[in-house]
Structure formats: C-alpha cells, structure tokens
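Per-entry structural report
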Amino acid sequence: MYAKSGSLVDARKVFDHMEQRDNLSWNTIIAAYRRHGYPQETVTLFHHMQQTVLQPDRFTFATVLPTFAKMGALEQGMNIHQRIKDKGILSDVVVATALVDMYAKCGKIDKASELFDRMPERNVFSWNAIIAGYTQNGFVEKTLETFRQMQFAGVKPDPATFASILPACAKMGALEQGIDIHRSIKDRSILSDIVVATALVDMYAKCGSVDKARELFDKMTRRNVISWNVMIGGYAQNGFVEKALETFKQMQLAGVMPDSATFASVLPACAKMGALEQGVDIHQSIMEGGLLSNLIVGNALVDMYAKCGSIDKAHELFDKLPQKNVVSWNAMIAGYAQNGYVEKALETFNRMQMACVKPNSTTFASILPACAKMGALEQGMDIHQCIMERGFLSDIRVGNALVDMYAKCGSIDKARELFDKMPQKNVVSWNVMIAGYAQNGLCKDALKIFELIEHSGTYPDTVSFACVLCACSHAGLVNEGCTFFNHMSDPYCITPTVDHYVCMVDLLARAGYLEDCLNFIIKMPLKPVVGLWMSFLGACRAHMNIGLGVFTALLLLDLDPENAATYVLLSNNYAKAGRWSEVQIVRRLMKDKGIKKIPGCSWIEGHKTVHVFCVGDRSHPQTQEIYAKLEKLDWEMKAAGYFPDSRHLLNDVEEEEKELFLCYHSEKLAIAFGLLNTPLGSAIRVVKNLRICADCHIATKFISKIVGREIIVRDANRFHHFKEGECSCGDYW
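Residues numbered from 1 in each chain as written. Predicted model: local features only at pLDDT ≥ 70, side-chain atom pairs only at ≥ 80, totals over all residues. Heavy atoms only, no water.

Thoughts on the overall build of the protein
The secondary structure content of the protein amounts to 40 helices and 6 strands. Expressed along its principal axes, the backbone C-alpha trace of the protein runs to roughly 110 × 55 × 50 Å. Within the protein, buried positions represent 51% of all 733 residues. Here the analysis covers contacts within the protein between residues at least 6 apart in sequence; of these, 61% occur between residues at least 24 apart. (Helix = DSSP H or I, 4+ residues; strand = E, 2+ residues; numbered from the N terminus. Buried < 20%, exposed > 50% of the residue type's maximum accessible area, 1.4 Å probe, protein only. Contact = heavy atoms within 4.5 Å.)

Quick notes on the nonpolar core
Grouped together as the largest cluster of nonpolar side chains are 212 residues, with contacts concentrated most on Met-102, Phe-263, Ile-282, Ile-383, Met-405 and Phe-536. The contact partners of Ile-383, leaving out residues within four places of it in the chain, are Leu-346, Phe-349, Phe-364, Ile-367, Leu-368 and Cys-371. Phe-613, Leu-633, Ala-670 and Ala-699 belong to the second largest nonpolar core, which has 28 residues in total. (Core = buried A, V, L, I, M, F, W, Y, C linked by side-chain atoms within 4.5 Å.)

Description of the pattern of salt bridges
Opposite charge on two side chains lets them pair, provided their charged atoms get close. Scanning all chains against the criterion turns up 27 salt bridges. Put simply, Asp-180 and Arg-183 hold a salt bridge, and the shortest N to O gap is 2.8 Å. With Asp-180 and Arg-183 both in helix α12 (residues 175-187) and 3 residues apart, this pair spans about one turn of that helix. Exposure remark for Asp-180: the relative accessible area of 37% places this residue in the partly exposed category. Here Arg-351 ties to Asp-319 by a salt bridge, and the two come within 3.9 Å at their closest N and O atoms. One end of the pair, Arg-351, is in helix α22 (residues 342-354); the other, Asp-319, is in helix α20 (residues 311-320), with 32 residues separating them in the sequence. Owing to a relative accessible area of 32%, Arg-351 belongs among the partly exposed residues under this scheme. Under the relative-accessibility criterion, Asp-319 is labelled partly exposed at 40%. (Salt bridge = Lys/Arg side-chain N within 4 Å of Asp/Glu carboxyl O.)

Considering helix α21 (residues 326-338)
Between its first and last C-alpha, α21 extends 18 Å over 13 residues, near the 18 Å set by a 1.5 Å rise per residue. Of all 13 residues in α21, 10 are buried; the element is thus mostly enclosed. For α21, every residue scored as buried is listed here: Ser-328, Trp-329, Asn-330, Ala-331, Met-332, Ile-333, Ala-334, Gly-335, Tyr-336 and Ala-337. For α21, the N-terminal capping position is held by Asn-325, with its side-chain oxygen 3.1 Å away from the main-chain nitrogen of Val-327. Of the residues flanking the end of α21, it is Gly-340, one or two places downstream, whose phi is positive at about 90°. (Expected span 1.5 Å × (residues − 1). Polar contact = N/O pair within 3.5 Å; in protein donor to acceptor, adjacent residues only side chain to side chain.)

A short note on the sheet that holds strand β1 (residues 601-606)
As summarised here, the arrangement of the 6 strands in space is β2-β1-β3-β4-β5-β6, forming an open sheet in which the pairing is mixed. Two strands in the sheet have a free side with no partner beyond their single neighbour: β2 (609-614) and β6 (726-727). Of the strand pairs in this sheet, strand β5 (residues 719-723) and β6 are connected by 2 bridges, and their pairing is antiparallel. When the sheet's bridge partners are listed, Lys-723 is paired in β6 with Glu-726. (Pairing = 2+ DSSP bridges.)

Things to note about the pairing of β2
Relative to β2, β1 runs antiparallel, the two sharing 6 bridges. Looking at the pairing, Trp-603 lines up with Val-612 of β2. The antiparallel pairing of β1 with β2 creates a hairpin that spans 2 residues between the two strands, and His-607 there sits at a positive phi of about 55°.

Section: helix α16 (residues 241-253)
An α-helical turn contains 3.6 residues, so a residue and the one three or four places further along point in the same direction. A rise of 1.5 Å per residue sets the reference length of α16, with its 13 residues, at 18 Å; its end C-alpha atoms lie 19 Å apart and thus fit the reference within 8%. Of the surrounding secondary structure, the elements contacted by the buried residues of α16 are α14 (210-219), α15 (225-237), α17 (260-273) and α18 (276-288).

A few points about the pairing of strand β3 (residues 684-688)
Summarising burial for β3: 4 of the 5 residues are buried, a large majority. Two strands pair when backbone bridges link them, and β1 and β3 are joined in this way by 3 bridges, in the antiparallel orientation. Residue Trp-603 lies in a different strand from β3, and its bridge partner there is Val-687. Pairing analysis gives 4 bridges linking β3 to strand β4 (residues 711-714), with the strands arranged parallel.

What to know about the environment of Pro-359
Among the secondary structure elements, Pro-359 is positioned in the loop between α22 and α23 (361-374). Separated by 232 residues in the primary sequence, Pro-359 and Trp-127 have C-alpha atoms spaced 38 Å apart. When neighbours within four sequence positions are excluded, Pro-359 is seen to be in contact with Val-326, Phe-349, Met-352, Phe-364, Cys-386, Arg-390 and Phe-392.

What about the packing of helix α13 (residues 194-206) against α14?
Direction vectors running N to C along α13 and α14 enclose 165°, while the axes themselves pass 7 Å from each other. One finds that α13 runs roughly antiparallel with respect to α14. In this structure, α13 crosses over α14, and the sense of that crossing is left-handed. Here Leu-200, Val-201, Tyr-204 and Ala-205 of α13 come into contact with α14, specifically with Val-210, Lys-212, Ala-213, Leu-216 and Phe-217. Residues that form the contact of α13 with α14 fall into these classes: 8 nonpolar, no polar and 1 charged. (Axes fitted to C-alpha atoms, helices over the stretch in contact; angles between N-to-C directions. Parallel < 35°, antiparallel > 145°, perpendicular 65-115°, else oblique. Left-handed = near helix turned anticlockwise from the far one by under 90°. Nonpolar A, V, L, I, M, F, W, Y, C, P; charged D, E, K, R; others polar.)

Some words on the side chain of Arg-709
By the secondary structure assignment, Arg-709 is in the loop between α40 (694-707) and β4. This buried residue, Arg-709, is left without a salt bridge; Glu-710 holds the nearest opposite charge, at 9.6 Å. Side-chain polar atoms of Arg-709 contact the side chain of Thr-678, separated by 2.5 Å. Side-chain polar atoms of Arg-709 contact the backbone oxygen of Ser-682, separated by 3.0 Å. In this structure Arg-709 touches Gly-674, Leu-675, Thr-678, Pro-679, Leu-680, Gly-681, Ser-682, Ile-684, Ser-704 and Phe-722, once residues within four positions along its chain are discounted. (Lys, Arg positive; Asp, Glu negative; His and termini not counted.)

Right, dumping it as structure tokens:
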C-alpha cells in the first residue's frame, strides 16, 4: 500500500520489519524504488534478493530490466537474459518485452529486433518497445515501417506509440505521414494526452509547418515546460527568431519556470539576431535559476556572446566552464573565427587537442575557414591529415571546407583533386569550386564548373551566379557575364540581389564601359549600396575618368562619410591626374574628421606560425636580414629593367622618397621573409588585407623571375600567381 501511494520511506520501514519475505514483497519494494527513480537502490535490492533462498521470478526480471536499460548496464542485462533462458520463461510476453526494451536502450537494436521477431506473442507494449528503440537509435525509417506492421497486425496504438512514432516523422521531415498520424490520434480521442500533443507540436515544427504547430500549441489545455520548449525551439530552428523570443516572454508571463532546455533553445535565437541585450537578460535569469553550471546552458551562452560579437565575454565564460566538451570548444573556435580572430581560433584548436578532446565534423568545419582566411596552408594540411585519421573526409561540410581552404591558400589543383573525390556534392560544393577558380584567375575553368552543375542533378542558386559573375569580372568577360545575369530570371527563376548587381557593375566598369555601367546603375530596380559605388569609383580611377570619379566619390561621401576607402580612392583619382592641391584638401579633410586609412598588412606562414608585416615594419626578429634581402632584390630588379611605379602614391614628394616608401610595402617584406625561410624551389604564399598596388605587382613579377620561384599573393580581391615574370591576372585587376 505504502509503495503504491508514494510513501517510499514508510514502505521501506514496513519491508525491513517483515519477519518473512516472499517474492511478492521483494518484487513490490524493488518496483517501488524503480518507480521513484532510484536505479542504484533498485539494483542493490535485486542483488540482496538473490542472496536469500528465494529465486527471482518473471515479475522480478520484468521489474529490474527497465532499470538496467535506464543505466545502460548492458552486461548485467545480458546476464539476466541468460538466466531467463535457463528458467525457460523467455516466451513470457512481459519478460520478453522488457528484454527488447533493455537491448534497444543499451544501443543493441539488432539484438532487440531479433528478440522481437522471435516473440510468439506480442502486445501493444512489445510493439512500443521496438518502435521506441528504432527511434532512439536513429533508425527512423524502420520506426515508420514497424508502425505500419503493428497496424497490419491489428494492434491498436496507444499514447506511448504515438509519442515514439511522431519524433521519427519529425526527424525525417515526413510531414505527410505525420498528418496521417495526427488524423489517427484525433480518431482515438487521445489528443488531450500532453505527451502526445507535445510530440505533435514538435513534429509540425520540425517539418517546417510552424503555423500548424502554433495552432495546436494554442489549443492545448495544459502546457508544461516541455511544451513551451518545443514551441520556442520550433520557431528558432525555422528561422523565426523574433517569434522564439516572444514565446519565451509569454512562457515567463504564464508563470512557467524555464529549464536548461528552454535556455538552450532561446539563446541560439538571440545569437542569430545579434540580440546581445536580451541575451544578457537571459544570462541573468540563468544565474538566478542556478543553471550556470549546466554544460548545455554554458555552451549556449558562450555561443551567444561570440555570435553577438562580445568575444571577450564568451572567452571569460568559456574559461569558467566547470567542464568542457567538444561543443564548448567548437563554440569558442567558431566564435574566434567568425569575429576575425583567426590566430586565436587556431590557438584554441591546438589547446583543444592538448586537452585530449577529440574534434568532430563541426570542429573541422569551423577551423578550416580560419586557415583559409590566413592562408595558413601548412596548418590546413595538418588538419587535413587529422580529418583523414578521424574518418570525417566523407562529411560533406568538412569536404566543402577543405576544398575552400586549399583554394583560398592558392593550392587550386589540390582543391580540385579533393572536389573530384567527394563522394557526394551539394550546391555549396560547386559554389566553392567556382569561387576558387575565380579567385585564382582561372575564370574559364570557373565557367566550365558552372556548366557541369546541372549535369550533376544540382541546380545553381543565388551564390552560384554571384561566383560565376565574379569570375567573368576578373577576366573581363563582359558578354558572358551579361548572359549569365540574364539567365538568372530565365530559365532559373532567380531574382537578382544587390550582390549580383555589384558584380555586374564591377564587370562593366572594370572593362571600361563606364557610361554603360552608370546607365545600368540608374535603371537597376534596387537601391545602389556603398559597395556598388566603390567598385565604380575604383574603375574610374583605373580608367583615368577623373570627372566621373569625383562625382562618384562626392556621392559616396554623402552616403558613408566615415568610410576611409572613399577618401583614399578620391585622393588616388586626383593624384593620378597630378592635381596635388586637391589631394592635400582630401587629406586635410580626413585629418579634420579623424578618419585614418586602413594600414596595409600582409601575412605569411613560416614553420607553422603566421608572421604579420605592416608597411615599413621593423618589429620582426629578422628585420635586419629582411631589409638586406630587399635591398639586394631592389638592385637586381633595377638591373633587370624594373622602374618603381609611384604614380598612385598620395604624397607630392621627391621621386627618391617615393621609391623608398614603395620598397617597404608589407607584401614585399613578407616575400623577403618567405625567401629567407622557405625551402628553395617551393612556392611563397602571401595574404594581404588590401588590394595589391601597381608597383608591388610589377616588382613581384620581377622577383619571381629573378629567384625562379612561384609567388602567390592573395589580396582583398583575388589571387595573383606570379611565375617567370608573369602574373595569372594578365595585369587585369
């Protein structure tokens, strides 16, 4: 009586004072402890029973097996299985069902399925055990198939059946089957069961039918924290982040206390919106609720702060986590990479390995873009090796990131080799390869890849067209670019975005069609953005159209008065025309407004460390050798016919002073470092944050011929592969 009424302490007292105990009394107290959630005590009592003269019976086994299932104690469960066979009670439907459930929950779904198939008799609980087992072990198609077999067998599903089958529909995105099951639930009048109703809401939300999920949620007479979590998570996962935050507020107003799962759903919504203020408020609620030590919540907080740009706070929380798992490290690595702290991302990845935490596919998909951004090919190759050892090479996200890393490090042949070996490709894979060819100046190859997309059964998307238009722009393929742009709407039914218009402006203006380009801008249906006018202004400078250049610069100064690049391009226009008084006016205006030109920086990898150089940099430990190398190269280049190109410098100073300034540009310092620190004959790879200047472009062509080595420079726009005195861009950049 006490055991069933819930007073476990009183039940135990009565049990302990019993002079004689039979199987019924042992089974009752064991069941009571299991029902109240004390697995270890349940097992202990079971062992004590075996030390008596009594032998466990079918009810004992049926009672203790669910405990082993919950504990994942497979070995002990297998021992009981043997005893059940020895006793000849394996045909008992209750015992066999408990065994099926135990094997399924311990991850041995094949064994569970084998036992289920051999059962001479099955009831609804037997079917529920195997259906739940398939769902929990990820065999969702098997779940739906078994559910159909259950119906053919004439066994009526109960609430537990639907609570197991609906998550399978959710995972598969099988909305149509989910709707059929919803219809069956209504026919059986069990929609009032909160577990079933919550599973239905979850199914609709995960199948993308958020409005239907909300409709059901609003009709539920009872809502618990799980129901609210499902609705919040549904909104967040489908991109309705504002709705997720709004529902979280409604939950609080309804007096429902959020739990760890709530915060794990609502924090990503803040992260996606960049809603730092709301995230800080939720952080406060987490501390008040005593959930800060929860690892899932802690990870979500780190991720939220990182994605909202508060990387220092993310790092502070990360360091305070009482324990860290792979998700924690991934959040921090991705945070650093996404906020531009690529060196920190690599450093954190190395710390993760030192902490003996094994990286997963998400880790690699986060760290490889950091290598790509820095041009850290050696470290990227080490990570590639790690990926192969860990068996993640077939993961499509990792494969895409690897192809992208090699392409952005200038190793386009390796990128193509990996691309061709990918067991499966999605549209991102094709886009990465097109962009890789475009950036590396192999524009015809980019166009060939685009033509192959449809033959693969994949259709190009908006990014595909942006990549191929960029390729046309880099090569001056005006007719081809116009054709691709027109094909977006017919036959692909893709509406051009502002990015596509920027590409078209860059294509036309760079090729010298400035008047046509201006007419194109005037007629475009979207409002021109700053980036579009910047492309046009750069082309005006390149083609010596000072009038249009000044007009565009003045327009830009009105649109974005704090953008230093506008002032620099305007000054370049005046400088190219020799109008030094106007150059001085622009420079004075910059000084008065406190606007500073972004300093040119270049970085190069050496001995698996990234070395950064700025113009005139003398902070490097090898400064003396670097400058000596540059002086020697300068003498050799001039002997070979090199003349410094100082036409684009903003300074109206003596020519000798201009030459000295040009000699120590950041990319030249990086190249000199590479010549001193890399093996003879190997390629030198340099990354620059700005567009390479005309003089450095000329000088690097000379250097490549003098030293007999390929020099690869990735600037803000594209790659330049210098070899034997020539550049892959054909001087068109």
